[in-house]
Each structure stands twice: as structure tokens, then as C-alpha cells.
Amino acid sequence: MAPELLRELHTKFIVKLDQQKDHIEYWTSEHLRLNGVYWGLTALDVLKQRDALNKDDVIKFTLDCQNEDGGFGGYIGHDSHMLYTLSAIQILLTYDALDRIDAAKVVGFVKALQKEDGSFTGDKSGEVDTRFSYCALSCLSILNSLDSVNVKKAVGFVDNCKNFDGGYGTVPGAESHAAMVFCCVGVLAITKNLHLVEVDKLGWWLAERQLKSGGLNGRPEKLADVCYSWWVLSSLAIIDKLHWIHKDQMIEFILNAQDDEGGIADRKEDLPDVFHTLFGIAGLSLLGYPDLNEIDPLYCLTSEVSSRIPKHKVIKVDLRRANTIRKNVWDI
């Protein structure tokens, strides 16, 4: 029998993270601080505990991470990067504080990182990755500025990253990976191009990520990891195949990865962190776990927050078919 969700302990775990400045781990993870704020805030929002963090302090820190180029760094004074810029925009949207920034400067930062082939780099160093395509188009859609970039080329690049198995990789020819699937399917959903997805083939590949433990891996022959409770389940939800997963076993895997003192780890008996805490709780929300705020599988924000995104229709997850589950290969 699966344990209960440790709601109060997870809330305390997240709130306490910024009170551990005497720990070396706090400073060695400085470059991820803005991401961490987004992960923690969104987890709390799903837990119906958004007010557990000081709103004014979070907004001030987020604004202080913005640079002259319009982008945001992972910490105050750090170089701008697409990953941190999306986290900043998500945080400000959650607090309904986007009016506190010069949106045109953010749009300019994102626009400048699109390459001729439609791909996006993460920053001025030039690394290309479909993660950055998602971050770019997610940011721009939230800011109602998709028309500032070449959407047709952006879609074409993502479509070129599709593989024979229906999945997507970081760049054309790269191995399919569940996190990249989310990013690519997300781009196609944001730009109204889901018709380019081979739905049944991709749905099968994603469903086959579920292992006997009930957990999901990111690609074949890898261990199950709680974070794929988001990358896989959200992708399945977007293409309306979430019912292809063994729901109860998935929930049990996530709950078994909880730490007795709060937080969720990648798997049972490992140390918890805020990254896996968010994606475990988000996965539970997608699976209809009781008394959690509904999460939007396209933006990883609660539906109440994502409903403020211009021109966005919140994706409603249909759980009525949750027990109508196809057999996995290991059941046949």
C-alpha cells in the first residue's frame, strides 16, 4: 500500500532551503538558485501553499537577477541564460508581477538567440539544444510575443529532431530522450503544430518508459527516476495518451521516494532535492492525486496561473480513462 503524501513536511522542506546558508551545498548550487526558486514556488503552488514563501522577497530576488541584455542569470550578477530567463518569467507570472519588468528587453534577449536554422542557443556561448527552443517559445508565449521570432523555422528545427521511434532528441540525429520529448512536443503545442507528432508511435515509446517498479525512465535501459513523472506524463497528457500508464504503480513509486523529513528524491532511499520534489508533486497532480491544485502539462504551472497566458487554452487532463490501461511489454 502506498504511503500518504507528506504535504506539511514537503512545504517545510522547501521553505527551509533558503535558510541553510551555512551549508556548502547552498553555495555550490548558487548557479541554479533562480531555477530552484521556480521549482520550489511551483511545488508549493500545487500543494496549495503558495503563500509559504515571502512574495515580495521572491519578486525582488528575481528582478535582481535580470541583466542589461534583458535576460536573467541563475543568481545575481551571473550571465544571462535561456533556462534562467524562463524560470524568472514563470515566477513573475505566478505572482502576477510581469508588469515589473521591461518585457521588450526580455523578448530582445530571446530573439537574439535564434539561429538561421530556427534553433535557439542557451546563451552567447552558442550551445544548441531543443530545451532552449522550448524555453524561448514558452517565454515568448507568456509575454504574448511569439511573432518576434521565426516560428516556422523554429518548428522546422524541432520537427527535424524527430526520430524513427517517434521521440525527439537535443538536436537532429540525437537519441530520443523523454525530457527532449516534452520540450519538442511543448514547442509544437505552443505553436499549434501538434499535427506533426506521430501520436501513437510517440505514445507507445513514452509508455514503454514505465518499469516494473512503476517508475519511469528517460530512455531505454536506464533507471527509473521521479523527474520523469513530469517529462513523460506531461508529454502523454499533451497528446492525450496519459491513460497508457499504470497510474497506481506510478503514484506508489513517487510516494515511496519521499524522505521522512520532507522532500522527494529521484528514487527510494536517495537524498531529496527541490527539483525532484516539484516534478514528483507535479506528476501526482497530473495523475489526479487528491487535494492538489491542477497543473498545466504544457507550462508546468498550476492551471490557475497558466490561464493568464494570452491566447492559451489550459489543457485539461482526462482521467476518466485512467484505469483503461494498455499492457506494457513486461506484462505480456
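The structure this text deals with has already been given above.
Residues numbered from 1 in each chain as written. Predicted model: local features only at pLDDT ≥ 70, side-chain atom pairs only at ≥ 80, totals over all residues. Heavy atoms only, no water.

Novice: Please give an account of helix 11 (residues 228–238) that cites residues and values.
Specialist: Residue pairs spaced three or four apart in an α-helix point in one direction, given the helix's 3.6 residues per turn. Most of helix 11 is tucked away, with 11 of its 11 residues classed as buried. All buried positions along helix 11 are accounted for by Y228, S229, W230, W231, V232, L233, S234, S235, L236, A237 and I238. The elements touched by buried residues of helix 11 are helix 9 (178–190), helix 10 (199–207), helix 12 (247–256), helix 13 (274–286) and strand 1 (295–296). In the segment just after helix 11, D240 is the residue with positive phi, at about 60°. (Buried < 20%, exposed > 50% of the residue type's maximum accessible area, 1.4 Å probe, protein only. Helix = DSSP H or I, 4+ residues; strand = E, 2+ residues; numbered from the N terminus. Contact = heavy atoms within 4.5 Å.)

Novice: Residue-level account of the packing of helix 9 against helix 10, with values.
Specialist: Orientation of helix 9 relative to helix 10, taken along the N-to-C sense of each, is 145°, at an axis distance of 11 Å. Note that helix 9 runs across helix 10; the crossing there is left-handed. Contact with helix 9, carried on its side by A178, V181 and V185, involves L202, W205 and L206 of helix 10 and no other residues of that element. Grouping the amino acids of the contact of helix 9 with helix 10 by side-chain chemistry returns 6 nonpolar, no polar and no charged. (Axes fitted to C-alpha atoms, helices over the stretch in contact; angles between N-to-C directions. Left-handed = near helix turned anticlockwise from the far one by under 90°. Nonpolar A, V, L, I, M, F, W, Y, C, P; charged D, E, K, R; others polar.)

Novice: Pulling in residues and values, what's your account of the packing of helix 9 against helix 11?
Specialist: Here helix 9 crosses helix 11 at 35°, and the two axes come no closer than 9 Å. Helix-helix and strand crossings are classified by hand; for helix 9 and helix 11 the assignment is left-handed. Here A178, A179, V181, F182, V185 and A189 of helix 9 lie close against helix 11, whose contacting residues are Y228, W230, W231, V232, S234, S235 and I238. Its residues assigned to classes, the contact of helix 9 with helix 11 shows 11 nonpolar, 2 polar and no charged.

Novice: Just give me the short version of the environment of H177, but keep the residues and values in it.
Specialist: With respect to the helices, strands and loops of the structure, H177 is situated in the loop between helix 8 (151–160) and helix 9. For the pair formed by H177 and R219, sequence separation is 42 residues and the distance between their alpha carbons is 5.4 Å. Leaving out residues up to four positions away in the same chain, H177 has contacts with Y168, W205, G218, R219 and Y228. At a separation of 3.1 Å, a polar atom in the side chain of H177 contacts the main-chain amide nitrogen of A179. (Polar contact = N/O pair within 3.5 Å; in protein donor to acceptor, adjacent residues only side chain to side chain.)

Novice: Explain helix 8 residue by residue, including any values.
Specialist: Those residues of helix 8 that sit buried are A154, V155, F157 and V158. Each buried residue of helix 8 lies within a common arc of 160° when the element is viewed along its axis, so the set occupies one face. Structural note: helix 8 exposes K152 and N160 on the side pointing more than 90 degrees away from its buried face. One side-chain oxygen of the residue at the start of helix 8 lies 3.3 Å from the amide nitrogen of K152, identifying that residue as N150. (Arc of directions from axis to C-beta.)

Novice: Just give me the short version of the packing of aromatic side chains, but keep the residues and values in it.
Specialist: Counted under the stated rule, the structure contains 8 aromatic pairs. Seen in terms of ring centroids, F275 and F279 are 4.9 Å apart; in terms of plane orientation they differ by 80°. Their pairing is edge-to-face. With F275 and F279 both in helix 13 and 4 residues apart, this pair spans about one turn of that helix. A relative accessible area of 4% places F279 in the buried class. In this structure an aromatic cluster arises from ring pairing among W39, Y134, F182, W230, W231, F275 and F279. One residue, R209, lies across the ring of W205, its end atom 4.7 Å from the ring centre. (Phe/Tyr/Trp six-rings, centres within 6.5 Å; stacked < 30°, edge-to-face > 60°. Lys NZ or Arg CZ within 6 Å of the ring centre and 35° of its normal.)

Novice: Before we move on, can you summarise the side chain of H10 with the specific residues and values?
Specialist: Considering the arrangement of structural elements, one finds H10 in helix 1 (residues 7–16). Look past the residues within four positions of H10 in its chain and what remains in contact with it is L5, L47, Q258, G262, G263, I264 and I281.

Novice: Any details on the state of the cysteines? Residues and values, ideally.
Specialist: Tallied over the full model, the rule gives 0 disulfides. In this model C65 remains outside any disulfide bridge; the closest cysteine sulfur is found in C139, 14 Å from its own. You can call C65 buried: its relative accessible area is 0%. (Disulfide = S-S within 2.5 Å.)

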